[in-house]
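# Coordinates in review
Listed below, chain by chain, are the residues.
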Amino acid sequence: MIDVVVTGAAGKVGREVVKAIGQTSDMRVVAAVDPGQAGMPVDDGKGGEIQCVADLGVSIAETNPAVMVDFTHPSAVEGNLRAALAAGVDCVVGTTGLSEGSLRALVSDAPDGTCLFMAPNFAIGAVLMMRFAAQAARYMPHVEILELHHDQKADAPSGTALLTAEIIANARQTVPSAPGRETELAEGARGALVDNVTVHSVRLPGLVAHQEVLFGGQGQTLSIRHDSIDRTSFTPGVLMAVEAVGARSGLVIGLDALMEG
Ligand code: NAP
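Residues numbered from 1 in each chain as written. Predicted model: local features only at pLDDT ≥ 70, side-chain atom pairs only at ≥ 80, totals over all residues. Heavy atoms only, no water.

### Section: the nonpolar core
- Core analysis: the biggest nonpolar cluster contains 60 residues, and Val 69, Val 92, Phe 117, Phe 122, Phe 215 and Val 242 have the highest contact counts within it.
- Here the element with the most residues in this core is helix α5 (residues 124-139); it accounts for eight residues.
- Each of domain 1 (2-118 + 231-259) and domain 2 (124-228) accounts for three or more of the residues forming this core.
- Not counting residues within four places of it along the chain, the set of residues in contact with Phe 117 comprises Cys 91, Val 92, Val 93, Phe 122, Ala 241, Val 245, Val 252, Gly 254, Leu 255 and Leu 258.
- With 21 residues, the next largest nonpolar core counts Val 77, Leu 81, Leu 106 and Leu 116 among its residues. (Core = buried A, V, L, I, M, F, W, Y, C linked by side-chain atoms within 4.5 Å. Buried < 20%, exposed > 50% of the residue type's maximum accessible area, 1.4 Å probe, protein only. Helix = DSSP H or I, 4+ residues; strand = E, 2+ residues; numbered from the N terminus. Domains from an automatic or database assignment. Contact = heavy atoms within 4.5 Å.)

### Concerning the pairing of strand β10 (residues 197-203)
- Bridging between strand β8 (residues 142-149) and β10 involves six bridges; their strand directions are parallel. Across the sheet, the residue bridging to Ile 145 is Val 199, located in β10.
- As defined by bridge partners, strand β9 (residues 192-194) adjoins β10 across three bridges and the pair is classed as antiparallel. Bridging across to β10, Val 194 finds its partner in Val 197.
- Linkage of β9 to β10, two consecutive antiparallel strands, is achieved through a turn of two residues, within which Asp 195 is found at a positive phi near 50 degrees. (Pairing = 2+ DSSP bridges.)

### Let's talk about the packing of helix α1 (residues 14-22) against helix α7 (residues 235-245)
- Look at α1 against α7: their axes get within 10 Å of each other, and the N-to-C directions meet at 60 degrees. In this view, α1 runs oblique relative to α7, as classed from their interaxial angle. Crossing of α1 against α7: the hand is right-handed. The residues of α7 that touch α1, namely those facing Glu 16, Val 17, Ala 20 and Ile 21, are Thr 235, Val 238 and Leu 239. (Axes fitted to C-alpha atoms, helices over the stretch in contact; angles between N-to-C directions. Parallel < 35°, antiparallel > 145°, perpendicular 65-115°, else oblique. Left-handed = near helix turned anticlockwise from the far one by under 90°.)

### Observations regarding the sheet that holds β9
- Spatially, five strands are ordered β9-β10-β8-β11-β12 in an open sheet, and the strand pairing comes out mixed. For this open sheet the edge positions go to β9 and β12 (220-228), each flanked by a neighbour on one side alone. Going across the sheet, the axis of each strand differs from the next one's by a mean of 25 degrees, ignoring polarity.
- Across the sheet, α5 lies against β11 (209-217) and β12, angled at about 165 degrees from β12, the strand it touches most.
- Taken strand by strand, helix α6 (residues 159-171) contacts β8, β9, β10 and β11, and its axis lies near 165 degrees from that of β8.

### Focus: the domain arrangement of the protein chain
- Entries for the protein chain in the domain assignment read domain 1 (2-118 + 231-259) and domain 2 (124-228).
- Inter-centroid distance (C-alpha atoms) of domain 1 to domain 2 is 28 Å.
- Taken residue by residue, the interface counts 13 residues in domain 1 and 13 residues in domain 2.
- Together domain 1 and domain 2 conceal approximately 1000 Å² of surface at their shared face, both sides included; 64% is due to carbon and sulfur atoms.
- Three residues, Thr 96, Arg 231 and Met 259, lead the burial of domain 1 against domain 2; their summed loss comes to 39% of the area buried on that side.
- The interface formed by domain 1 and domain 2 contains one salt bridge.
- The salt bridge partner of Arg 131 is Asp 256, with a shortest N-O separation of 2.7 Å.
- At the junction of domain 1 with domain 2, the criterion picks out three residue pairs in polar contact (both at pLDDT 80 or more). (Buried area = accessible area lost by both parts, 1.4 Å probe. Salt bridge = Lys/Arg side-chain N within 4 Å of Asp/Glu carboxyl O. Polar contact = N/O pair within 3.5 Å; in protein donor to acceptor, adjacent residues only side chain to side chain.)

### Thoughts on the packing of aromatic side chains
- A full pass over the atoms with the stated rule returns two aromatic pairs.
- For the ring pair Phe 71 and Phe 122, a centre distance of 5.8 Å and an interplane angle of 55 degrees mean the geometry is tilted. On the criterion of sequence distance, the pair formed by Phe 71 in the loop between β5 (67-70) and α3 (77-86) and Phe 122 in the loop between β7 (115-118) and α5 is long-range, its members being 51 residues apart.
- Since its relative accessible area comes to 2%, Phe 122 is described here as buried.
- Ring-pair connections join several aromatic residues into one group, and the members of that group are Phe 71, Phe 117 and Phe 122. (Phe/Tyr/Trp six-rings, centres within 6.5 Å; stacked < 30°, edge-to-face > 60°.)

### Details of the layout of surface pockets
- The computed volume of the largest pocket comes to approximately 830 Å³.
- If you trace the largest pocket, you find 37 residues lining it, with Val 13, Phe 71, Thr 72, Thr 95 and His 150 closest to the centre.
- Split by residue class, the lining of the largest pocket holds 15 nonpolar, 17 polar and five charged.
- Both domains that meet at the lining of the largest pocket, namely domain 1 (2-118 + 231-259) and domain 2 (124-228), each give it at least three residues.
- Along the walls of the second largest pocket sit 15 residues, with Leu 98, Glu 100, Pro 120, Gly 159 and Leu 162 positioned nearest its centre.
- Going through the elements one at a time, α4 (100-108) and α6 are the ones with two or more residues in the lining of the second largest pocket. (1 Å grid on protein atoms, 1.4 Å probe; cavity = no way out; pocket = protein on both sides within 12 Å on 5 of 7 lines; lining within 4 Å. Points joined across faces, edges and corners; volume = space filled by probe spheres on them. Nonpolar A, V, L, I, M, F, W, Y, C, P; charged D, E, K, R; others polar.)

Take a look at the structure:
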């Protein structure tokens, strides 16, 4: 049995994680932490409820979890990671906004053997979208990324878009210019440049998490699109990571690292 503390347990993704863990036979949620929602019940996935609590440090001391899963906020994740890693708790992080350098520094202070796993996107379809984009970029180097998220998202571009741009930059052999930037009539019309890949961020109510990677070539285009229609799309990847971190150590980034082939 893997004992898990979930931070951000009352949030949109956190509550799906609590439910999904409760529906497994080899993991259990020992604490649901969400300081702003202490006392709030969340579905435990077994037909009952678990009450949110406020203090992560107390929860770790009282329940001695093996793993912390964090879906909180860019302003909260670093403090949560410090508390968990210092106690030798392996971490599975979905919260975006921390740089790879910050993650590396955090895990370097943890006891030997502790693992910090971070995935900018836990949806398996999104990982495949990035793989296919890397393949396409070798042959079609002209590419732009359109990422679309709900209007509460705290960061832009999304962590998935940043990672996709990096993967494309590593895969393509030529770097075409991104034309039109110098003739923009409205600032930002041509999007942001990430690793020389143009990224456009859309924020609208009604959306969950979506991304289209749009390639252009002579007389043709290729679109690779992934849509997370609801937040249960992230939970199989989170469960896969919770299973995996016990056998790993140090910083591991991306669900791709846990998927074979
Ligand atoms: P959300 O609905 O706002 O949930 C975040 C929850 O965390 C809220 O209940 C919030 O409480 C709580 N919280 C804030 N500070 C906390 C702390 N110190 N300890 C514990 N809980 C705390 O956000 P969401 O949509 O679930 O997304 C959460 C994060 O995951 C975001 O960074 C998002 O970009 C990311 N995300 C990643 C993936 C992925 O696949 N990697 C997928 C979806 C989302 P208050 O409301 O009181 O502040």
